[in-house]
Amino acid sequence: MIFDSHCHVLPPDFGSRHNELAARDATYAALFPESGGRFADAEQLLRDMDAAGVDRAVAMGFGWTDPDVATEVNNYLIRAAAAHSERITAFASVNPAWGDQAVREASRCLDAGAYGIGEIHAHSQRFDIGDAALMGPLMALLRTRNAPIVIHASEPVGHQYPGKGSTTPPGLLQFAADFPENRIVFAHLGGGLPFYAAMPEVADALSNVWYDTAALPFLYRPSAIVAAAMTAGPDRILFGTDYPLLTHRRVIDYVQSAGLSQCDLDAIMGGNASFLVNAGNPPMETLPDYLRPGLDIVLIGLNPSIRSVQAGRYFANPRNRFWTAVSAANLVGRPVGSDDDAALLADGIGFTDVVKRPTSQASGLTAADYRRDAPALREKLLRHAPRIACFHGFTAYRAYLRHGEGIKTVGSLELGRQDLVIGSSRVFVLPNPSPANARYSLDDLSAWYRELNRWRIELTP
């Protein structure tokens, strides 16, 4: 799937109204200093998507300064998304400097079918992205609607171009830190901000942020995507073109030339956006819980991988060692594979996760994910009361302790049996069977599953 998360679509007559629009709107004048700029309406976008093999796109305007221009474009985008709901998702644009008027317009557009807000251009809209008091009312609305916002970002170095502006990494970092519960997309690879995510304190402040690849062929070599994926995580990168400034095919070829793994490429080209942007807010696509009262063991992962969700099975990655280790340990008395996940309920074994939102890597999770889902996990365990609640890895267990039990300070942990009891459920911690966890061999994993089974037998009346 190819999901273009950053396209600009304007009403068909905008191309013939240059002088009027440039006089009325400062952002329009900054982006299109001369007549004859590149414009596309919704129908042209769909034709070009078909030609390039793009399945879905986010269509947005710009950070308008004139309220009437913003309303005109927002209405057009909403109508286009309604007419092509399987292909186009609308983001509406407002100017936070309008105050209450911005909140009213954003609320109106979200009610009418827009999914998010963007693109916002702080420089031409003449407000400070780091002004938390100014941004607060709009961000509060978006938080209650679970709606993302797209912010134009610019590089503090490099060449100048129309609309570059001065919304650079320091201000963007402060903005993300001010609103940790909001879903935020920084356009144009965040002006280079993800490169600083190698610093732990920066990574922590950016746990709610994604970055798109819009216009990157004008800005960086393809290796920039690899660097951003390494520091911020491949789950945080969204394919975007800045269409019609760049064609879909040009940016597709650019991203594909970066030499990413197929798993990371699939996530960036469509998987990440399909989970971040889902028009109409349908129920989150994830793996089901396999739970019932009185199970012997509930196996608890950190969160499902995108690959597992696509397959509809727990531990569906053939490189994951879970099923091989469980079979070698004879945990259920026979060889088993991912197709058997639901069937293991009959053997007294269930499955769930600390966080239900899928990502390609754990780095894709946000603090808001943990705060939302860890308490829900505790309620599930209390309700179903398995004999053993078994966490896969210290990361999953620590996240549960902090956000599910409210235990803020956790000392050193050991694998195996734990002192904690959740209702009537005892707790066991296993090594994470992910192929990335090279510290433990397959034999090590199998030994720990055998130890889990021994405790299971001890606890069985």
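It should be noted that the structure appears before, not after, this text.
Residues numbered from 1 in each chain as written. Predicted model: local features only at pLDDT ≥ 70, side-chain atom pairs only at ≥ 80, totals over all residues. Heavy atoms only, no water.

### Brief notes about the nonpolar core
Here is step 1: Leu-45, Trp-64, Ile-149, Phe-175, Phe-186, Tyr-211 and Val-255 are the most contacted members of the largest nonpolar core, which totals 87 residues.
Here is step 2: Broken down by element, the residue count for this core peaks at eight residues, all from helix H4 (residues 67-83).
Here is step 3: Ignoring anything within four residues of it in the chain, the contact list for Val-255 reads Thr-213, Ile-225, Phe-239, Leu-260, Leu-265, Ile-268 and Met-269.
Here is step 4: Listed in part, the 55 residues of the second largest apolar core include Leu-377, Leu-381, Leu-415 and Leu-445. (Core = buried A, V, L, I, M, F, W, Y, C linked by side-chain atoms within 4.5 Å. Buried < 20%, exposed > 50% of the residue type's maximum accessible area, 1.4 Å probe, protein only. Helix = DSSP H or I, 4+ residues; strand = E, 2+ residues; numbered from the N terminus. Contact = heavy atoms within 4.5 Å.)

### Description of a nonpolar patch on the surface
Here is step 1: Residues Phe-195, Tyr-196 and Met-199 make up a contiguous nonpolar surface patch of about 280 Å² in total accessible area.
Here is step 2: Within the element layout of this structure, Tyr-196 appears in the loop between strand E6 (184-186) and helix H9 (200-205). (Patch = residues over 30% accessible without salt bridge, like charges linked within 9 Å, V, L, I, M, F, W, Y side chains within 5 Å. Areas by Shrake-Rupley, 256 points an atom, 1.4 Å probe, with all protein chains shown as cover. Salt bridge = Lys/Arg side-chain N within 4 Å of Asp/Glu carboxyl O.)

### Focus on the packing of helix H5 (residues 100-112) against helix H7 (residues 132-145)
Here is step 1: Running from N to C, H5 and H7 point in directions that differ by 20°, and their axes come no closer than 9 Å. The angle between H5 and H7 falls in the class roughly parallel. Between H5 and H7 lies a crossing whose hand is right-handed. Residues Val-103, Ala-106, Ser-107, Leu-110 and Asp-111 of H5 pack against Pro-137, Leu-138, Leu-141, Leu-142 and Arg-145 of H7.
Here is step 2: Residues that form the contact of H5 with H7 fall into these classes: seven nonpolar, one polar and two charged. (Axes fitted to C-alpha atoms, helices over the stretch in contact; angles between N-to-C directions. Parallel < 35°, antiparallel > 145°, perpendicular 65-115°, else oblique. Left-handed = near helix turned anticlockwise from the far one by under 90°. Nonpolar A, V, L, I, M, F, W, Y, C, P; charged D, E, K, R; others polar.)

### Focus: the side chain of His-152
Here is step 1: Relative to the elements of secondary structure, His-152 occurs in the loop between strand E5 (149-151) and helix H8 (169-178).
Here is step 2: A distance of 3.2 Å separates polar atoms of two side chains, one belonging to His-152 and the other to His-188.
Here is step 3: Those residues in contact with His-152 that lie beyond four places of it in its chain are Glu-119, Ile-120, His-121, Gly-163, Lys-164, Thr-167, Ala-187 and His-188. (Polar contact = N/O pair within 3.5 Å; in protein donor to acceptor, adjacent residues only side chain to side chain.)

### Here we look at the pairing of strand E10 (residues 349-353)
Here is step 1: Judged by how many residues are buried, E10 sits mostly within the fold: five of five residues are covered.
Here is step 2: Burial along E10 is two-sided: the face carrying Ile-349, Phe-351 and Asp-353 and the face carrying Gly-350 and Thr-352 are both buried.

### Here we look at H4
Here is step 1: Its 17 residues give H4 an end-to-end C-alpha distance of 24 Å, which sits within 8% of 24 Å, the value for a rise of 1.5 Å per residue.
Here is step 2: Those residues of H4 that sit buried are Val-69, Ala-70, Val-73, Asn-74, Tyr-76, Leu-77, Ile-78, Ala-80 and Ala-81.
Here is step 3: The distance from a side-chain oxygen at the start of H4 to the backbone nitrogen of Asp-68 is 2.9 Å, and the residue carrying that oxygen is Asp-66. (Expected span 1.5 Å × (residues − 1).)

### Some words on empty space enclosed by the protein
Here is step 1: Considering all chains together, one arrives at one cavity of 30 Å³ or more under this definition.
Here is step 2: Lining the largest cavity are Ser-5, Phe-91, Pro-148, Val-150, Val-185, Asp-212, Leu-238, Leu-276 and Val-277.
Here is step 3: For the lining of the largest cavity, the residue count by class is seven nonpolar, one polar and one charged. (1 Å grid on protein atoms, 1.4 Å probe; cavity = no way out; pocket = protein on both sides within 12 Å on 5 of 7 lines; lining within 4 Å. Points joined across faces, edges and corners; volume = space filled by probe spheres on them.)

### Remarks on the side chain of Asp-341
Here is step 1: Inspection of the secondary structure puts Asp-341 in the loop between helix H14 (322-328) and E10.
Here is step 2: Those residues in contact with Asp-341 that sit more than four places away from it in its chain are Tyr-290, Gly-312, Arg-313, Tyr-314, Trp-323 and Phe-351.

### A look at the sheet that holds E5
Here is step 1: The eight strands lie next to each other as E1-E2-E3-E4-E5-E6-E7-E8, forming an open sheet whose pairing is parallel. Across the chains shown, the open sheet's two edge strands, defined by having one partner strand only, are strand E1 (3-8) and strand E8 (237-238).
Here is step 2: Both strand E4 (residues 116-120) and E5 contribute to a ladder of two bridges, which runs parallel. Bridging across to E5, Ile-120 finds its partner in Ile-151.
Here is step 3: Where helix H3 (residues 42-52) meets the sheet, it contacts E1, strand E2 (56-60) and strand E3 (88-92), and its direction lies at approximately 150° from that of E2. (Pairing = 2+ DSSP bridges.)

In short, shape yes, function no, at least from these values alone.
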